[in-house]
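Each chain is listed here by its residues.
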Amino acid sequence: MSDFPRFPAGFVFGAATASYQIEGAAAEDGRGPSIWDTYSHTPGRTANGDTGDVACDHYHRYPEDVALLGELGVDSYRFSIAWPRIVPDGSGPVNAKGLDFYDRLVDELLAAGIEPAATLYHWDLPQALEDRGGWRVRETAERFAEYTAVAAERLGDRVPRWITLNEPWCSAFLGYSVGRHAPGAREGRGALAAAHRLLVGHGLAVRELRAAGVREVGITLNLDRNLPASDSDADRAAVVRADTQHNLVWTEPLLAGRYPASEEETWGELITGQDFRRDGDLELIGQPLDFLGINYYRPIVVADAPYREADPARRVATDNRYAEVRLEGVRHTAMNWPVVPETFTDLLVDLKERYGEALPPVHITENGSAEADEVGADGAVHDADRVAYLRDHLTALRAAMDAGVDVRGYYVWSLLDNFEWALGYDKRFGIVRVDYATQRRTPKDSYRWYRAMIAAQRG
């Protein structure tokens, strides 16, 4: 059908979720508390005081959700493993019941002919480790490696694709600088230390995964296409600072073996004289990857702006003298994100041009949209805007591949409506509606469109 972009044989189509967003069972079978349990139970932190205590109850309903994946026709399912379900205190005794759950999930997927893809860290840090400094301290990276070894030993024989970290930008900057995500800190140097130690944790985890003999190892970054608000030199310089914080702080160490040349211009006194880097860290972080996961949703338009906090001692790491500007003349999703599919193509092509052969094969590990879904009189969800978003972004992805970017797979975000972090249950990204009162699942029009698109590739 002409409505569907075409992809080469062997291209992986999948769907993605994350543990704290869907599992529920927050205090069952030995799971320990995470920073998101603490954060969401703190008054005023999340919309409506929502928590992930029950979420989509996937812990008990995973067979139904795997059946939805099977009917969808995906090749792969990207899920995340909850660290506090495996090692409740972040270190020390391993919780056998937690491992048993992921055993059951993986076996259910394989029985349905679906390839499991596991993410080791999707933001649910054990609270006990945060109490000892969290990602600001190197111990957390070392404990992450130990947890990785436990998970890989149990599941590595059946899970071929592993992702160390999901969107470390959110963990470091939304968590430790903006304060809009767990643990809710507003710091400067602490956030930069967290960014670096997340990368160290990634490097240590890669070593453990290689030792376990897993087939594919990667990391997922939420890279942004940053655009200047005008052609002025000041706005273009602001884009460099935005790129440094959102993109280069990750891609330069991972793919080029160096720290960003623009980091001092971006962070000033916060980065000078830092003591959280060690000799050998770049080699550890920059170990070869089998793939790079990229999550992409929208472009960001930035303009030059003064420091929001004049006192350097009180400045947070995200105060980089730029402001985000609303992009007019385009549709915006329920997240108020602009829909500009061609920027997806541009980001991928620019990444290839910047890193060349150092860029490993790419998997799009998240892409999708939150929309103001309504249940119609017929009981269905006719989410035409989401269908258009998916169609246009898959078309843009195909254009990047035609321009020479080696993309091997695409995972829609998300299979299910779920707990959208600080936004609670108000924002719905799923291609399957979840009625949180009854836990009833209802496939939306976007589910049926994605199913038909996958089927058309094989027809």
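Residues numbered from 1 in each chain as written. Predicted model: local features only at pLDDT ≥ 70, side-chain atom pairs only at ≥ 80, totals over all residues. Heavy atoms only, no water.

Attention shifts here to the overall build of the chain. Scanning the chain for helices and strands turns up 15 helices and 13 strands. Each principal axis of the C-alpha distribution contributes one length, and for the chain these read about 55 × 55 × 45 Å. Counting all 459 residues of the chain, 62% fall into the buried class. Carbon and sulfur atoms form 49% of the exposed surface of the chain, whose accessible area is close to 16,500 Å². Counting 50 positive and 71 negative side-chain charges, the chain places the centres of these two groups 0 Å from one another. (Helix = DSSP H or I, 4+ residues; strand = E, 2+ residues; numbered from the N terminus. Buried < 20%, exposed > 50% of the residue type's maximum accessible area, 1.4 Å probe, protein only. Areas by Shrake-Rupley, 256 points an atom, 1.4 Å probe, with all protein chains shown as cover. Lys, Arg positive; Asp, Glu negative; His and termini not counted. Charge placed at Lys NZ, Arg CZ, Asp CG, Glu CD.)

With that settled, consider the UniProt feature "active site" (unreviewed entry) in the chain. The positions UniProt marks with the feature "active site" (unreviewed entry) are Glu167 and Glu366. Considering the C-alpha atoms alone, the annotated residues occupy 200 residues of sequence yet fold into one spot, their largest mutual distance being 10.4 Å. Checking the named residues against the largest pocket, the ones that line it are Glu167 and Glu366. Structurally, Glu167 is set in the loop between strand 4 (161-166) and helix 8 (168-178). In contact with Glu167, not counting residues within four places along its chain, are Trp123, Thr220, Asn222, Asn295, Tyr297 and Glu366. Mapping Glu366 onto the fold places it in strand 10 (residues 362-366). (UniProt positions renumbered as here; feature names shortened; annotations may be inferred. 1 Å grid on protein atoms, 1.4 Å probe; cavity = no way out; pocket = protein on both sides within 12 Å on 5 of 7 lines; lining within 4 Å. Contact = heavy atoms within 4.5 Å.)

Before going further, it helps to spend a moment on helix 13 (residues 342-355). Taking 1.5 Å of rise per residue, 14 residues should cover 20 Å, and helix 13 covers 20 Å from first to last C-alpha, within 8% of that figure. Here helix 13 has its buried residues at Thr343, Phe344, Thr345, Leu347, Leu348, Val349, Leu351 and Tyr355. Its buried side turned inward, helix 13 meets strand 6 (225-228), helix 10 (233-256), strand 7 (291-295), strand 8 (299-304), strand 10 and helix 14 (384-402). Of the residues one or two after helix 13, Gly356 is the one with positive phi, at around 55°. (Expected span 1.5 Å × (residues − 1).)

It is worth spelling out the packing of helix 5 (residues 96-111) against helix 7 (residues 138-155) at this point. Closest axis-to-axis distance for the helix 5/helix 7 pair is 10 Å, and the angle between their directions is 40°. The angle between helix 5 and helix 7 places the two elements in the oblique class. Considering only the axes of helix 5 and helix 7, their crossing is right-handed. Note on element contacts: helix 7 touches helix 5 through Val150, Arg154 and Leu155, opposite Leu99, Asp100, Tyr102, Asp103 and Val106. Class assignment of the residues belonging to the contact of helix 5 with helix 7 gives a composition of five nonpolar, no polar and three charged. (Axes fitted to C-alpha atoms, helices over the stretch in contact; angles between N-to-C directions. Parallel < 35°, antiparallel > 145°, perpendicular 65-115°, else oblique. Left-handed = near helix turned anticlockwise from the far one by under 90°. Nonpolar A, V, L, I, M, F, W, Y, C, P; charged D, E, K, R; others polar.)

A few words on the sheet that holds strand 1 (residues 12-16). Two strands in a sheet stick together by hydrogen bonds in their backbones, pointing the same way (parallel) or opposite ways (antiparallel). Read around the barrel, eight strands follow the order 1-2-3-4-5-7-10-11 and close on themselves; strand pairing throughout is parallel. Ignoring which end each strand starts from, the neighbouring axes of this sheet average 25° apart. Helix-sheet contacts for helix 9 (residues 189-212) involve strand 3 (115-121), strand 4 and strand 5 (216-221), and the interaxial angle to strand 4 is about 165°. (Pairing = 2+ DSSP bridges.)

With that out of the way, let us pick up the UniProt feature "binding site: substrate" (unreviewed entry) in the chain. Mapped onto the present numbering, the UniProt feature "binding site: substrate" (unreviewed entry) falls at Gln21, His122, Asn166, Tyr297, Trp413, Glu420 and Trp421. Those annotated residues that line the largest pocket are Gln21, His122, Asn166, Tyr297, Trp413, Glu420 and Trp421. Within the element layout of this structure, Asn166 appears in strand 4. The exposure class assigned to Asn166 is buried, which follows from its relative accessible area of 0%. With sequence-adjacent residues up to four places away left out, Asn166 is seen in contact with Arg78, Thr119, Tyr121, His122, Trp123, Ser171, Thr220, Asn295 and Glu366. A polar atom in the side chain of Asn166 sits 2.6 Å from the side chain of Arg78. Tracing the chain through its elements places Trp413 in strand 11 (residues 407-413). (Polar contact = N/O pair within 3.5 Å; in protein donor to acceptor, adjacent residues only side chain to side chain.)

Grouped together as the largest cluster of nonpolar side chains are 138 residues, with contacts concentrated most on Ile81, Phe173, Leu397 and Tyr450. Core analysis: the next-biggest nonpolar cluster, separate from the first, contains six residues, Ala238, Val239, Val302 and Tyr322 among them. (Core = buried A, V, L, I, M, F, W, Y, C linked by side-chain atoms within 4.5 Å.)

How two aromatic rings sit relative to each other is set out by the distance from centre to centre and by the angle between their planes. Overall, the coordinates contain 35 aromatic pairs when judged by the stated rule. With 5.9 Å between their ring centres and 70° between their planes, Trp135 and Phe144 make a pair best called edge-to-face. Each member of the pair, Trp135 as well as Phe144, carries the same accessibility label: buried. Aromatic rings pair up to connect Tyr20, Trp36, Tyr39, Trp123, Phe419, Trp421, Tyr425 and Tyr436 into one cluster. Over the face of the ring belonging to Trp337 we find Arg298, whose NZ or CZ atom lies 4.7 Å from the ring centre. It is Arg315 that lies over the ring of Tyr307; its NZ or CZ is 3.4 Å from the centre. (Phe/Tyr/Trp six-rings, centres within 6.5 Å; stacked < 30°, edge-to-face > 60°. Lys NZ or Arg CZ within 6 Å of the ring centre and 35° of its normal.)

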